[in-house]
There are 2 protein chains.
Amino acid sequence: MPISDDTYKIIFDEIDARQDEFVKVLKEAVAIASVSSDPERRSDCVKMVMWTKKKLESVGATVQIIENGKQKLQNGKTIDLPPILFGVLGNDPKKKTVLVYGHLDVQPAAKEDGWNTNPFELTEVDGKLFGRGSTDDKGPVVAWVHAISVLQKKKVPIPVNLKFVFECMEESGSEGLEQALRNHKDTFLKDVDMTCISDNYWLGKNKPCLTYGLRGICYYFVEIGCAKQDLHSGTYGGSIPEAMNDLIWVLSQLTEKDGTIKIPHIYDIVAPVTDDEKKMYEGIDFCMDEYKKDIEAHGLLKPTKEEILMNRWRYPSLSIHGIEGAFSNSGAKTVIGKFSLRIVPNMTPEAVDKLVIDHLNNLWKQRGSPNHFKPIAYHSGSAWLADYKDDNFRAGARAMKRVFGVEPDYTREGGSIPITLAFQDLTGRSVMLLPIGACDDMAHSQNEKLDRSNYIKGTKTLAAYLLELAE
Amino acid sequence: MPISDDTYKIIFDEIDARQDEFVKVLKEAVAIASVSSDPERRSDCVKMVMWTKKKLESVGATVQIIENGKQKLQNGKTIDLPPILFGVLGNDPKKKTVLVYGHLDVQPAAKEDGWNTNPFELTEVDGKLFGRGSTDDKGPVVAWVHAISVLQKKKVPIPVNLKFVFECMEESGSEGLEQALRNHKDTFLKDVDMTCISDNYWLGKNKPCLTYGLRGICYYFVEIGCAKQDLHSGTYGGSIPEAMNDLIWVLSQLTEKDGTIKIPHIYDIVAPVTDDEKKMYEGIDFCMDEYKKDIEAHGLLKPTKEEILMNRWRYPSLSIHGIEGAFSNSGAKTVIGKFSLRIVPNMTPEAVDKLVIDHLNNLWKQRGSPNHFKPIAYHSGSAWLADYKDDNFRAGARAMKRVFGVEPDYTREGGSIPITLAFQDLTGRSVMLLPIGACDDMAHSQNEKLDRSNYIKGTKTLAAYLLELAE
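Residues numbered from 1 in each chain as written. Chains lettered and ligands numbered in written order. Predicted model: local features only at pLDDT ≥ 70, side-chain atom pairs only at ≥ 80, totals over all residues. Heavy atoms only, no water.

Looking at an unreviewed UniProt entry, chain A carries the name Peptidase dimerization domain protein, with the source organism given as Ancylostoma ceylanicum.

Peer 1: Could you give me a rundown of the interface of chain B and chain A, with the residues and numbers involved?
Peer 2: The interface is formed by 61 residues belonging to chain B together with 61 residues belonging to chain A. Contact with chain A buries surface across chain B, with Lys 257, Ile 295 and His 298 of chain B losing the most and accounting together for 13% of the total. Where chain B meets chain A, there are 0 salt bridges. Counting across the chain B and chain A interface gives 30 residue pairs in polar contact (both at pLDDT 80 or more). For the side of chain B that touches chain A, the leading source of residues is strand 13 (residues 317–324) of chain B, giving 7 residues. Residue classes in the side of chain B that touches chain A are distributed as 22 nonpolar, 29 polar and 10 charged. (Contact = heavy atoms within 4.5 Å. Buried area = accessible area lost by both parts, 1.4 Å probe. Salt bridge = Lys/Arg side-chain N within 4 Å of Asp/Glu carboxyl O. Polar contact = N/O pair within 3.5 Å; in protein donor to acceptor, adjacent residues only side chain to side chain. Helix = DSSP H or I, 4+ residues; strand = E, 2+ residues; numbered from the N terminus. Nonpolar A, V, L, I, M, F, W, Y, C, P; charged D, E, K, R; others polar.)

Peer 1: So what about the side chain of Thr 117 of chain A? Which residues, and what values?
Peer 2: Looking at the element boundaries, Thr 117 of chain A is found in the loop between strand 5 (97–103) and strand 6 (123–125). Dropping the residues within four chain positions of it, Thr 117 of chain A is found in contact with Lys 111, Thr 123, Phe 130 and Asn 447 of chain A.

Peer 1: Which residues make up the relation of the copies chain B and chain A, and what values do they have?
Peer 2: Structural alignment of chain B on chain A gives an RMSD of 0.2 Å, achieved by rotating through 180 degrees and translating 0.2 Å along the axis. As the rotation angle and translation indicate, the two copies are arranged about a two-fold axis. (Least-squares fit on C-alpha atoms with pLDDT ≥ 70 in both.)

Peer 1: Tell me what's going on with the pairing of strand 9 (residues 194–197) of chain B, and back it up with residues and numbers.
Peer 2: Residues and elements named next belong to chain B. Every second residue of strand 9 is oriented toward a common face, with Met 194 and Cys 196 on one face and Thr 195 and Ile 197 on the other, all of them buried. As judged from the 4 bridges shared by strand 5 (residues 97–103) and strand 9, these two strands associate in the parallel manner. The residue of strand 9 that forms the bridge with Leu 99 is Thr 195. (Buried < 20%, exposed > 50% of the residue type's maximum accessible area, 1.4 Å probe, protein only. Pairing = 2+ DSSP bridges.)

Peer 1: How would you sum up helix 13 (residues 418–427) of chain B? Please name residues and give values.
Peer 2: The element helix 13 of chain B is largely enclosed, with a buried count of 7 among its 10 residues. Ile 419, Thr 420, Leu 421, Ala 422, Phe 423, Leu 426 and Thr 427 of chain B are the residues of helix 13 of chain B that are buried.

Peer 1: Lay out the UniProt feature "binding site: Mn(2+) 1" (unreviewed entry) in chain A in plain terms, naming residues and giving numbers.
Peer 2: Residues and elements named next belong to chain A. As annotated in UniProt, the feature "binding site: Mn(2+) 1" (unreviewed entry) corresponds to Asp 136, Glu 171 and His 444 in the numbering used here. Despite a sequence span of 309 residues, these residues sit close together in the fold, their greatest C-alpha distance being 9.7 Å. For Asp 136, the position within the fold is in the loop between strand 7 (128–130) and helix 4 (138–153). Classification of Asp 136 as buried rests on a relative accessible area of 4%. The residues touching Asp 136, leaving out its near neighbours within four places in the chain, are His 103, Asp 105, Val 106, Glu 171, Asp 199, Tyr 201, Ala 443, His 444 and Glu 448. Mapped onto the secondary structure, His 444 falls in the loop between strand 19 (430–433) and strand 20 (449–451). Given a relative accessible area of 43%, His 444 falls into the partly exposed group. (UniProt positions renumbered as here; feature names shortened; annotations may be inferred.)

Peer 1: So what's going on with the domain arrangement of chain A? Which residues, and what values?
Peer 2: Many analyses report the size of an interface as the accessible area lost when the parts associate. Residue and element names in this part refer to chain A. The domain boundaries assigned to chain A delineate domain 1 (5–214 + 384–469) and domain 2 (216–270 + 315–381). Counting residues at the interface gives 6 residues for domain 1, matched by 4 residues for domain 2. Both sides of the domain 1 and domain 2 interface together cover about 350 Å² of buried area, and 48% of this is carbon and sulfur. Scanning the region where domain 1 abuts domain 2 turns up 0 salt bridges. Class assignment for the residues of the side of domain 1 that touches domain 2 results in 2 nonpolar, 3 polar and 1 charged. (Domains from an automatic or database assignment.)

Peer 1: So what's going on with the nonpolar core? Which residues, and what values?
Peer 2: Ranked by internal contacts, the top residues of the largest apolar core, which has 298 residues, are Phe 339, Leu 341 and Tyr 465 of chain A together with Phe 339, Leu 341 and Tyr 465 of chain B. Residues contacting Leu 341 of chain A, with those up to four places away along its chain left out, are Gly 216, Ile 217, Cys 218, Tyr 220, Ile 261, Ile 263, Ile 266, Ser 317, Leu 318, Val 352 and Val 356 of chain A. (Core = buried A, V, L, I, M, F, W, Y, C linked by side-chain atoms within 4.5 Å.)

Peer 1: Kindly report on the sheet that holds strand 16 (residues 372–381) of chain A, identifying the contributing residues and their values.
Peer 2: Residue and element names in this part refer to chain A. Across the sheet, 4 strands lie side by side as 13-15-11-16; this open sheet has antiparallel pairing. Edge positions in the sheet fall to strand 13 (317–324) and strand 16, since each has one partner strand and no second. Shown here is a sheet whose adjacent strand axes are inclined to one another by a mean of 20 degrees, direction ignored. Of the strand pairs in this sheet, strand 11 (residues 216–225) and strand 16 are connected by 9 bridges, and their pairing is antiparallel. For Tyr 220, the partnering residue across the bridge sits in strand 16 and is Ala 377. (Axes fitted to C-alpha atoms, helices over the stretch in contact; angles between N-to-C directions.)

Peer 1: Could you give an account of the UniProt feature "site: Important for catalytic activity" (unreviewed entry) in chain A, naming the residues involved and the relevant values?
Peer 2: UniProt's entry tags His 232 of chain A with the feature "site: Important for catalytic activity" (unreviewed entry), counted in the numbering of this structure. Summarising the element assignment, His 232 of chain A is placed in strand 12 (residues 231–232). Exposure remark for His 232 of chain A: the relative accessible area of 35% places this residue in the partly exposed category. Residues within four places of His 232 of chain A in sequence aside, it is in contact with Gly 237 of chain A together with Arg 342 of chain B.

Right, dumping it as structure tokens:
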């Protein structure tokens with residue numbers, strides 16, 4: 001039974017009316033300096049977890065504290081990892097269950113790094129809420145609590161059961177989370193019908209989007225050795241085939257000038273672009289000039305918006321990262337070149353590894369060098385792709401349309417967020433990335449902010465998303 | 001008036017008779033741990049300088065201590081550099097003047113590094129004198145003192161005036177030496193007719209040689225920038241032309257697989273090989289297999305002895321040293337490739353710089369990348385070449401023939417010894433490298449040694465060299 005427009009209006013008006021209160025709650029959260037990479041801040045991380053537990057309990061959730069074991073520090077000491085929160089709100093077997101993920105930890109920040117305000121004191125300037133964690137990811141986490149609290153206050157029944165997974169180690173590789181989830185695959189995760197994650201950003205500054213894909217990665221080493229010791233380039237230069245020259249040649253045979261990957265058949269295993277997809281890319285709100293200007297790039301690899309976005313999101317790319325074992329004055333005996341491919345559907349790491357290693361071996365045969373050659377497939381992670389037309393995404397899109405008055409863009413991202421794939425694998429159901437912040441929120445940087453309007457509209461979007469899930 | 005064969009016999013017999021005494025003196029020298037790179041050992045360096053001063057005075061030389069100013073350490077402190085010794089023995093205006101250079105400092109050494117014996121206690125095993133500095137360069141320095149002392153004891157007049165320059169910072173870049181020599185260009189150095197330096201090694205283990213050439217060096221940076229910040233390869237890979245890909249391509253355009261340098265006209269400025277030279281290379285005692293085996297190289301760039309030696313000594317070579325500014329996970333905004341050319345006569349650094357920079361600029365034009373490109377000629381040093389048929393070399397060759405019964409090989413080296421060129425420039429006269437140690441003496445390595453037989457034959461060679469200079 002769909003929810004009436006009046007109900008939406010009541011909810012949205014209530015959110016507008018309480019926005020100062022919501023900003024105050026975010027201020028409380030930002031004030032807890034839960035920097036997960038700093039062992040000195042571990043007690044703040046625990047404090048943040050407990051603060052969030054109370055907030056969830058205040059809207060009636062049952063919250064379980066999942067102890068997360070020990071962390072081994074670089075100095076050899078071990079300390080407790082912050083616990084993970086598993087929350088449950090509602091268990092009506094007739095309702096679908098939505099899992100919400102968010103993280104409570106933040107990147108380090110200090111005024112001296114170039115912040116205009118104290119990073120741990122949420123400060124509003126011209127409608128922007130500056131503070132560490134404002135957009136990544138405390139704003140979205142508390143927005144969930146506000147959305148639920150408003151629905152409850154206005155006595156609008158939530159049409160789904162809710163589960164929450166909130167961790168406090170995301171900025172430090174989500175240590176322990178995947179194992180904890182795996183341990184609860186057949187219990188806590190068993191009845192999850194869909195997952196919603198608000199931990200990424202809009203493509204631009206003005207138009208909301210839903211994110212349905214992430215690239216994976218395959219990382220390679222190429223090791224070439226020419227002698228038992230480093231050879232002085234004066235004494236030996238000209239007499240032996242130097243490992244570095246071989247390596248530079250091999251690395252030069254991986255991409256064309258325009259970035260096209262020269263590994264045979266690599267594009268054969270990329271999912272073909274559909275007409276539907278093409279049309280979708282045409283509609284995406286993305287300004288090439290602004291993109292170029294923001295990073296002060298001297299040029300872009302492709303002339304059109306569609307090609308640039310496809311190159312970032314739905315085509316593989318190859319980057320050479322560097323060379324290990326080189327010195328400023330000697331010919332190194334062994335040099336190691338490092339490169340990676342960002343992979344996309346339908347590329348599997350296994351198929352990519354085979355094509356890459358075959359290509360490297362063929363190049364080496366072609367080179368005909370007497371040196372020792374060892375190509376290594378170092379590590380890999382799969383790409384993630386969701387069906388952006390499923391119920392989960394449709395509810396997200398309708399919610400955005402209600403709040404922003406426009407259909408969202410459907411975006412992907414070029415990097416990896418491994419936990420997304422973990423949720424999809426462990427629940428076997430739809431995962432959607434629903435960003436609340438804008439591309440200029442400066443997550444991880446100085447002067448991180450969340451626009452007040454996006455915070456409030458984000459809260460409305462989350463409430464509307466829940467209502468749109470009504471059968 | 002040439003010296004009679006009998007005189008040579010008397011001198012050689014005396015050296016043989018006193019060899020145990022000479023080994024004892026070398027043992028004294030090795031016991032002083034004059035490691036110039038270790039500020040804690042600076043007093044040992046000064047002690048070694050003073051010990052040598054006494055030895056020179058014991059054969060009648062007048063020795064001047066040249067204070068060498070201060071050394072600035074990496075920790076910001078300054079300490080005194082060890083003084084330099086300028087010695088004079090004889091000032092007969094009718095005689096030629098020979099300058100002898102040697103160094104009194106040594107590389108670091110510790111038993112734990114893998115020495116079989118205490119590195120600072122000269123230890124004889126199977127006719128090999130193991131100890132730090134035995135061959136580099138204390139053995140040759142004390143051999144000079146012994147040679148003179150024997151001539152004096154046997155009342156054989158030395159047919160030349162002698163000057164000595166002994167420093168104690170050679171293993172640390174000869175800090176201060178060139179300036180000290182420059183300061184004495186018109187005084188102490190004014191009447192020098194030839195220089196003899198015993199601070200390198202035979203090409204092999206069995207046949208003596210005289211060294212008449214060293215390659216120079218031209219060192220380059222190639223800087224390529226693509227953005228204002230490091231760009232995550234996931235987020236940006238595929239959208240912008242990465243600096244690293246451009247750099248790898250540029251570096252791949254510098255040499256052929258067989259090491260041939262691809263810089264246009266670079267070989268046009270190399271002195272052509274003369275017939276005389278060709279013949280000389282054919283006669284050189286050099287075993288390719290042994291060379292390859294010693295460094296455990298997997299292959300050599302050329303199939304014949306003559307080509308390998310010419311490639312090491314009298315042709316330029318190009319080595320790529322590495323890439324700065326690369327990270328394991330990001331696309332670096334700016335990367336710097338480093339490479340160098342070892343240069344030979346008639347290449348001047350100026351001419352090489354022009355050809356290299358022109359080539360780099362042409363490559364960049366060909367690449368057509370929008371990125372920022374900056375080729376930099378970083379530093380250079382000229383090649384050194386002597387006339388191995390001049391009086392100095394002829395005397396050295398005759399001396400070797402007398403001691404070893406064979407004509408020496410005439411060799412060059414692939415690296416640079418800048419002080420050689422400085423002596424040639426400041427005196428304007430012949431400089432000869434007369435090595436005493438063999439190629440397997442392990443200078444700079446663990447278990448450095450000087451064969452007792454080479455130490456004694458070297459002493460004879462130096463005495464004979466002085467006698468062969470009689471007009």
